[in-house]
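Listed below, chain by chain, are the residues.
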Amino acid sequence: MAAPLKADRLVAALRAEGCAVREVGGWRTNNRNHVGPWGPVHGVMIHHTVTGPSTDVVHLIFHGHSALPGPLATGCITKDGTVHLTGNGRANHAGGGDPDVLAAVINESYGARPPATNEHQDSAGAVDGNSRFYGWECENEGDGRDPWPRAQYVAMVKATAGICRAHGWSAKSAIGHLEWSDQKPDPRGFDMKDFRSDLAVCLSLPAGVWEGEDDPMPQYVNLGLAAPYQLAPGAWDSVELTAEWTDEPGGHGEGGSVFVRGPARFTGSLSLRFDGLPDRGVVQARMAEFEGAEHRTDHPIDEIVGTGGDTFAVVPLTKRLASGRSMRVRLLNQADVPITVASAVVSVLVWKEG
């Protein structure tokens, strides 16, 4: 159960993400709380406004219209990327929706998409979304052709991240209106699966860092072994990356085992080949964080099972690394005999931070 953010905390959360925030006069007392509950809140819903360039879209979202009184959302995100705050509390944006979708959002328990919705406003099994979701109405004609400017899309991700970060929610707490009601098509022009992917990246970084396609170009790191070496059984051992083909500045160091230094985020893989690993023998591999020479943190283990001949494996390398930390890969030979690490190649993209 999450209590809704107070007005000052909402503004602070948005500005911490780098959003350009405009507080529309009277927004702090503009709500529909008198017709139903506001909270507990469980997520953020994304909409398009179905308005053209001649519409005073912020006025519309604040005041509503004859058939639907305002506010029509927590805020309106215009094409220039400004987040106009229009309501503080319950707003007429979500309407009725599917309880299975609500449960999946609350539990953050779905895959790429929440379960298919089978409900809508006034259907027999619908539950009220206006009490449970913040809403962003995003300026767009909603015809699938009207573009989403990069500044607007980044603001949509960041504004959603501000709310999710303040509540401790993941990207799975953000859904589109079309994922809530089977009568709604919005938002049209991008995929909510991709939006959640961008939101997850934004939330994985410190507030205010993510800039979407304006993210700095990553540095390519490609390191490996200059020669095979023996791995004795029974002790964790860092892979010494003695061949350096492409490296980030200051990231590795001649003859060292470090392949990236923080603050940074990275993604890639380690390709391994072992000689002499017995059939069904096991080598464990994991990333390990160090501060200088001091071992600080281990990450989850990947197990490589021997085939009796040459054994090949690819270990994923994806993480965010804090300032002052460095990352290595360590191996543990659980067989009863020494084996040969015939090849080890690190290939990762690194985004430096700070």
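Scope of this entry: the structure provided in the associated data block. (Residues numbered from 1 in each chain as written. Predicted model: local features only at pLDDT ≥ 70, side-chain atom pairs only at ≥ 80, totals over all residues. Heavy atoms only, no water.)

Glancing now at the packing of aromatic side chains. Scanning the entire structure with this criterion turns up 8 aromatic pairs. For the ring pair W148 and F190, a centre distance of 5.1 Å and an interplane angle of 80 degrees mean the geometry is edge-to-face. Residue W148 is found in the loop between β9 (133-138) and α4 (150-167), and its partner F190 is found in the loop between β10 (174-176) and α5 (192-204); the two are separated by 42 residues along the sequence. For W148, a relative accessible area of 15% corresponds to the buried category. Looking at F190, the relative accessible area reads 18%, which means it is buried. Measuring from centroid to centroid gives 5.6 Å for Y153 and F190, while their planes differ by 80 degrees, and the two rings are edge-to-face. Here F190 lies in the loop between β10 and α5 and Y153 lies in helix α4, a separation of 37 residues in the sequence. Taken together, the ring pairs connect W148, Y153, F190 and F195 into an aromatic cluster. Above the ring of W236, the side-chain terminus of R286 is found at 3.9 Å from the ring centroid. The positively charged end of R328 is found above the aromatic ring belonging to F290, 3.9 Å away from the centroid. (Phe/Tyr/Trp six-rings, centres within 6.5 Å; stacked < 30°, edge-to-face > 60°. Helix = DSSP H or I, 4+ residues; strand = E, 2+ residues; numbered from the N terminus. Buried < 20%, exposed > 50% of the residue type's maximum accessible area, 1.4 Å probe, protein only. Lys NZ or Arg CZ within 6 Å of the ring centre and 35° of its normal.)

Quick look at empty space enclosed by the protein now. For the coordinates displayed, the defined rule picks out 1 cavity of 30 Å³ or more. By volume, the largest cavity is sized at about 40 Å³. Taken together, L5, L10, W38, T74, G87, N88, G89 and Y134 make up the lining of the largest cavity. Class assignment of the residues belonging to the lining of the largest cavity gives a composition of 4 nonpolar, 4 polar and no charged. (1 Å grid on protein atoms, 1.4 Å probe; cavity = no way out; pocket = protein on both sides within 12 Å on 5 of 7 lines; lining within 4 Å. Points joined across faces, edges and corners; volume = space filled by probe spheres on them. Nonpolar A, V, L, I, M, F, W, Y, C, P; charged D, E, K, R; others polar.)

Take α5 next. With 13 residues, α5 should cover 18 Å at 1.5 Å per step; its first-to-last C-alpha distance of 18 Å lies within 8% of that length. Along α5, the positions that sit buried rather than exposed are M192, F195, R196, L199, C202 and L203. Down the axis of α5, the sector holding all buried residues measures 115 degrees, keeping them to one side. On its buried face, α5 sits against β2 (43-48), α4 and β10. Sitting at the amino-terminal end of α5 is D191, which places a side-chain oxygen 2.8 Å from the backbone nitrogen of K193. (Expected span 1.5 Å × (residues − 1). Arc of directions from axis to C-beta. Contact = heavy atoms within 4.5 Å. Polar contact = N/O pair within 3.5 Å; in protein donor to acceptor, adjacent residues only side chain to side chain.)

Moving on, we get to the sheet that holds β2. In spatial order, the strands read β1-β6-β5-β9-β2-β10; together these 6 strands make up an open sheet with mixed pairing. The sheet is open, and its two borders are formed by β1 (20-23) and β10, each paired with just one other strand. Across the sheet, the axes of successive neighbouring strands diverge by a mean angle of 25 degrees, strand direction being ignored. Relative to β10, β2 is paired through 3 bridges, and the arrangement is parallel. Its bridge partner lying in β10, V44 is registered against A174. (Pairing = 2+ DSSP bridges. Axes fitted to C-alpha atoms, helices over the stretch in contact; angles between N-to-C directions.)

With that settled, the discussion passes to the pairing of β9. Consecutive side chains along a regular strand alternate between the two faces of the sheet. A large share of β9 lies buried, amounting to 6 of its 6 residues. Covered by surrounding structure in β9 are F133, G135 and E137 together with Y134, W136 and C138, the residues of both alternating faces. As defined by bridge partners, β2 adjoins β9 across 6 bridges and the pair is classed as parallel. Paired with H47 across the two strands is E137, which belongs to β9. In this structure, strand β5 (residues 75-77) lies alongside β9, joined through 3 bridges in parallel fashion. In the strand pairing of β9, I77 is matched with C138.

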